Number of protein chains: 2
Amino acid sequence: MNEIGITVKKEDDMPEWYSQVVLKSGMADYSAVKGCAVIRPLGYAIWQNIMDFFNERISLMGVENAYFPMFIPESFFHREAQHVDGFAPEVAWVEQKSDTNERIAVRPTSEAIMYDSYAKWIRSHRDLPLRINQWCNIVRWEVSDVKIFLRSREFLWQEGHCVYATEEECQKEVLDILEEYRRLVEELLAIPVIKGEKSEHERFPGAKRTYTIESFMPDGKALQAGTSHNLGQGFAKAFNITFQGTDEKDHHPWQSSWGFSTRLLGAMVMQHSDDKGLVLPPRVAPTQAVIIPITIKKKPELSEQVLTKAKELEKQLKDAGVRVKLDDREEYSPGFKYSDWELKGVPIRIEVGPRDIENNQCILAKRNDGEKSTVNLDSLSEKVKETLEQIHQELFDKAKKQIDEKTVQVKTYDELKKAMEERKIAIAHHCGDPESEDVIKAELGGVTTRCRPMGEDQADEGAVCVHTGKPAKYKVIFSKNY
Amino acid sequence: MNEIGITVKKEDDMPEWYSQVVLKSGMADYSAVKGCAVIRPLGYAIWQNIMDFFNERISLMGVENAYFPMFIPESFFHREAQHVDGFAPEVAWVEQKSDTNERIAVRPTSEAIMYDSYAKWIRSHRDLPLRINQWCNIVRWEVSDVKIFLRSREFLWQEGHCVYATEEECQKEVLDILEEYRRLVEELLAIPVIKGEKSEHERFPGAKRTYTIESFMPDGKALQAGTSHNLGQGFAKAFNITFQGTDEKDHHPWQSSWGFSTRLLGAMVMQHSDDKGLVLPPRVAPTQAVIIPITIKKKPELSEQVLTKAKELEKQLKDAGVRVKLDDREEYSPGFKYSDWELKGVPIRIEVGPRDIENNQCILAKRNDGEKSTVNLDSLSEKVKETLEQIHQELFDKAKKQIDEKTVQVKTYDELKKAMEERKIAIAHHCGDPESEDVIKAELGGVTTRCRPMGEDQADEGAVCVHTGKPAKYKVIFSKNY
């Protein structure tokens, strides 16, 4: 691990490659507490860009941010039966007890603590819809196989919790949020996703319906990138949330919750990065372009000219709205700097030397495919902005192609088995029985249904389940997952 | 508590008044866990504005944001002796143990976990200065007399942790940050502060020097609004942080840490608010102006005209960069809306009715003093922006005047005692002995030295200590505090 560059190939050993990219790029680090990572400035700046993008979007929907306590009394979990079963094994507790001598949990999710407040705040239909989101840390203790960003005891996320007077409004906004998730992940992170509904087996504990955006990594494993739940009225009943309707009678409202986490950073790394290190999607990259001046020690005057020009270009690009950095460190060679910024994933490298200045040009190198081109300095800003958009599209298209190539339709259980052994993504008919999913998961080493793809979820007429042979209800996607 | 407005006067019962303002304005709420508050959307939006302002400032200084784990192994606290003594009584622990069967704390501050990483990351003088900040939740369990924002088991804060090769750099930036804190609190929140150094007695556990910005509430109590610590080399030695200098030898670096918390929201409420509710300083107010259309039920056509005009004005103000809201709720009367927005602290109310439209004017009412004026609609945006700045200045000046009026110079212990009984802020000479401060604190019911005001901290020649009669070393400020 002391070598600077990545020492294994993505193809050969993806888990080791992933760790090296995350650690050596400076995205994150292990900490002294098992299962808890440090998000270093590079990783956090990406998370900040994700937060800024998403805050703007949900604010347009009328969602407001708030902050609820991290500590939740044990009894609150028990109010919703499925909810407590779903989370009990993962909860960390504090040694200290509450005033009523109750155990206190560190939040594994915040439904329980938030809905206790909602029950106090909501009185009338005038208080609805109530739309609140929070950005916070979450703890799920029982984590095996720790992997930075993907699986850790503590992580950061957003959780939105909305309350509606009608089922229609609720269901509509559950899907609106799913579309916002697609937009965020595809349009900011260049990761293609499939929108769909989760099966009963994979549903959020306590939800009526769970929707997901599923991404698929280069190894064929799915990574759930965000979920949006229609909670129905179950939590409202459990937490005694009621509102007086226009009919002057009391009703239970409908609720939604939805979240994505710093796992997205892991998905981004795995999807796009390569054997040289991180590859950052341009729209979320904290630094979009780096300028490397090619100076010559023996010719200080010429070097001074190059540096002056490089500073000019930096200003020009900044003014054009590009997040640019000038690497004028004297103690490192241009070659070292190239590798360093490749490791850190900066989308565009701009090289400028004495001869370039003479010709009023520079070299522009794309991180994603190494392609170099000569660019006239008069059109540099324009060209950089164009190229950033081009890189975004290329990353997206490449990932999409990989997924398409890995996706197969299977008709029999043997075909499903074979597809899973070959680490493919399989589309198959399924009966919808949770028991069948349990058996498949056990028999095929962790294979689960990822979702019923939206708009293509209905079984063909007369089709039978790939596993039970019963009449099929749905078309579903099967794969292993992170 | 079911009445909508504030039912006690600030003068008569400040603690009860404070609770009512915080709760009824919708800033925050109690939660089911004692000592943990819910920061509601209004409160969180103010905190967000504070974060945005401060992030921009520290980014100019080269500080980057990151995120470190919330969990800290017990042994880490013990590495710095004063640090563990300072925090041990307040720490919450999780029931689960580490892999090495060690107790795990929920962070009461992050020196210990961060500096463990710093020791790994810092190798050479090229890695310095290292400037990292994080925004996170903090837990200090042993809290008596819980008060939302001011004293709670969990709160939000920022903590900056920087590392330098030289003492000079370190000390310079410790003071630069103090100046940034002054700027934030005075220029964003309109709260006057006094910059100064803490006495040995009041220093941060493990710090070499602690600097503070002290604010003073209308009841004469001080509220520490932010602190900036020169940690010296103590933590570097305890956590074994070294760097290879340009001399190719290993050295311990110098460190700083600095923080402010959601207590600032409490200070803001106490400083400016009044018997009608919250008074928000304009620069941080999520909504700076609210438009109330005066419609007349019996004249729907005229009302429609008013609404149309009100929407026009909303757009005009938005375009001018004012954070404005149009309150077009039909189910509430204008009078109800006036009180509602007064309770919520919006700096400017704009009333517009049929007659106003005829005269191309509107009424502009200032929240801080109730002053009303008639404004020509053609110059509305300009007038609103001017008035927002005027309100900021008026709030600041009023607070400053209160503080000045409460500040007295005392020469004898009897005078100090009397000043403290009268809830004044006393400036006195002191010998600097921590033991003397212990005695004063015990004898005068919690009175502490708040700081030695910067630039005015040196004792007059021949002056003696107000308590011990020994030769005085410093001029200090005494008061009770939050």
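Model, not experiment: these values are computed from the prediction.

Considering the sheet that holds strand S15 (residues 289-293) of chain B
Residue and element names in this part refer to chain B.
Part 1: A sheet is described by the order of its strands in space; here five strands give the open sequence S16-S15-S17-S18-S19, paired in mixed fashion. Where the open sheet ends on each side, the last strands, each with one partner, are strand S16 (324-326) and strand S19 (372-376). Direction aside, the axes of adjacent strands within the sheet are offset by 25° on average.
Part 2: When strand S17 (residues 348-352) meets strand S18 (residues 361-366), the two strands line up antiparallel, connected through four bridges. Residue Glu-351 lies in a different strand from S18, and its bridge partner there is Ile-363.
Part 3: Against the sheet, helix H9 (residues 300-319) contacts S15, S16 and S17, and its axis sits at roughly 170° relative to S15.
Part 4: Along the sheet, helix H12 (residues 380-406) makes contact with S17, S18 and S19, crossing S18 at roughly 10°.

With respect to unusual backbone geometry
Part 1: For the bond running from Leu128(A) to Pro129(A), omega is -10°, close enough to zero to count as cis.
Part 2: Of note, the phi angle at Asn101(B) is positive, near 60°, even though the residue is not glycine.
Part 3: Even without being a glycine, Ala190(B) presents a positive backbone phi close to 60°.
Part 4: Structurally, Ala190(B) is set in the loop between helix H6 (167-188) and strand S9 (193-197).

Structural notes on the domain arrangement of chain A
Residues and elements named next belong to chain A.
Part 1: For chain A, the assigned domains are domain 1 (26-272), domain 2 (289-386) and domain 3 (406-479).
Part 2: Here the C-alpha centroids of domain 1 and domain 3 sit 27 Å apart.
Part 3: Each partner contributes to the interface: domain 1 provides 21 residues, whereas domain 3 provides 16 residues.
Part 4: Carbon and sulfur atoms supply 56% of the area that domain 1 and domain 3 bury against each other, a total of about 1,600 Å² over both sides.
Part 5: Together, Glu-197, His-201 and Phe-216 form the three largest contributors to the area buried by domain 1 at its contact with domain 3, with a combined 30%.

Quick word on the relation of the copies chain A and chain B
Part 1: When chain A is fitted to chain B, the residual RMSD is 0.0 Å, and the transformation amounts to a turn of 180° plus an axial shift of 0.0 Å. Expressed as an axis order, the relation between the two copies is that of a two-fold axis. No C-alpha of chain A approaches the rotation axis more nearly than that of Val94(A), which lies at 2.0 Å.
Part 2: Taken as a fraction of all interface residues of chain A, those also at the interface in chain B reach 100%, which identifies the copy contact as same-surface.

Considerations on the interface of chain A and chain B
How large an interface is tends to be reported as the accessible area lost when its parts come together.
Part 1: Taken together, the 50 residues of chain A in the interface contact 50 residues of chain B.
Part 2: For the pairing of chain A and chain B, the buried interface totals around 4,500 Å² over both sides, and the portion due to carbon and sulfur atoms is 60%.
Part 3: For the pair chain A and chain B, the number of links is eight salt bridges.
Part 4: Linking Arg126(B) and Glu331(A) is a salt bridge whose minimum nitrogen-to-oxygen distance equals 3.7 Å.
Part 5: The leading source of residues in the side of chain A that touches chain B is helix H5 (residues 111-121) of chain A, at five residues.
Part 6: Along the lines of polarity and charge, the residues of the side of chain A that touches chain B split into 31 nonpolar, five polar and 14 charged.

Comments concerning the pattern of salt bridges
When the charged atoms of two side chains with opposite charge come close together, those side chains can pair.
Residue and element names in this part refer to chain A.
Part 1: Using the criterion set out here, one finds 78 salt bridges over all chains in the structure.
Part 2: Here Arg-183 ties to Glu-180 by a salt bridge, and the two come within 3.6 Å at their closest N and O atoms. Here Arg-183 and its partner Glu-180 are both found in helix H6 (residues 167-188), three residues apart, which amounts to about one turn of the helix.
Part 3: Taken together, the shared-partner salt bridges in this structure form one network comprising Glu-179, Arg-182, Glu-186, Glu-187 and Lys-195.

Examining the side chain of Glu180(B)
Part 1: Exposure remark for Glu180(B): the relative accessible area of 7% places this residue in the buried category.
Part 2: Not counting the four nearest positions on each side in its chain, Glu180(B) is found in contact with Phe54(B), Arg57(B) and Met61(B).

Quick notes on the packing of aromatic side chains
Part 1: Under the definition given, this model contains 38 aromatic pairs over all chains.
Part 2: On the basis of an interplanar angle of 35° and a centroid distance of 6.1 Å, the ring pair of Tyr118(A) and Trp121(A) is categorised as tilted. Highlighted residues: Tyr118(A) and Trp121(A), both in helix H5, separated by three residues, approximately one helical turn. In this pair, the class of Tyr118(A) matches that of Trp121(A), namely buried.
Part 3: Between Phe68(B) and Trp121(B), the ring centres sit 5.8 Å apart and the planes meet at 45°, which makes this aromatic pair tilted. With Phe68(B) in the loop between strand S3 (64-65) and strand S4 (71-73) and Trp121(B) in helix H5 (residues 111-121), the pair connects residues that are 53 residues apart, well separated along the chain.
Part 4: Exposure remark for Phe68(B): the relative accessible area of 0% places this residue in the buried category.
Part 5: Put simply, the rings of Trp47(A), Phe54(A), Trp135(A), Tyr181(A), Trp258(A) and Phe260(A) pair up and form one aromatic cluster.
Part 6: Positioned over the ring face of Trp93(A) is Arg103(A), at 4.2 Å from the centre of the ring.
Part 7: Between Lys344(A) and the ring centre of Trp341(A), over which it is positioned, the NZ or CZ distance is 5.8 Å.

Remarks on the packing of H9(B) against H12(B)
Residue and element names in this part refer to chain B.
Part 1: One way to put it is that H9 packs onto H12 with a least axis distance of 9 Å and a crossing angle of 60°. The orientation of H9 with respect to H12, classified from their angle, is oblique. For the crossing formed where H9 meets H12, the hand is right-handed. Taken together, the residues of H12 that come into contact with H9 (itself represented by Leu-313, Gln-316 and Leu-317) are Leu-380, Ser-381 and Val-384.

The rules we used
Residues numbered from 1 in each chain as written. Chains lettered and ligands numbered in written order. Predicted model: local features only at pLDDT ≥ 70, side-chain atom pairs only at ≥ 80, totals over all residues. Heavy atoms only, no water. Pairing = 2+ DSSP bridges. Helix = DSSP H or I, 4+ residues; strand = E, 2+ residues; numbered from the N terminus. Axes fitted to C-alpha atoms, helices over the stretch in contact; angles between N-to-C directions. Contact = heavy atoms within 4.5 Å. Domains from an automatic or database assignment. Buried area = accessible area lost by both parts, 1.4 Å probe. Least-squares fit on C-alpha atoms with pLDDT ≥ 70 in both. Salt bridge = Lys/Arg side-chain N within 4 Å of Asp/Glu carboxyl O. Nonpolar A, V, L, I, M, F, W, Y, C, P; charged D, E, K, R; others polar. Buried < 20%, exposed > 50% of the residue type's maximum accessible area, 1.4 Å probe, protein only. Phe/Tyr/Trp six-rings, centres within 6.5 Å; stacked < 30°, edge-to-face > 60°. Lys NZ or Arg CZ within 6 Å of the ring centre and 35° of its normal. Parallel < 35°, antiparallel > 145°, perpendicular 65-115°, else oblique. Left-handed = near helix turned anticlockwise from the far one by under 90°.

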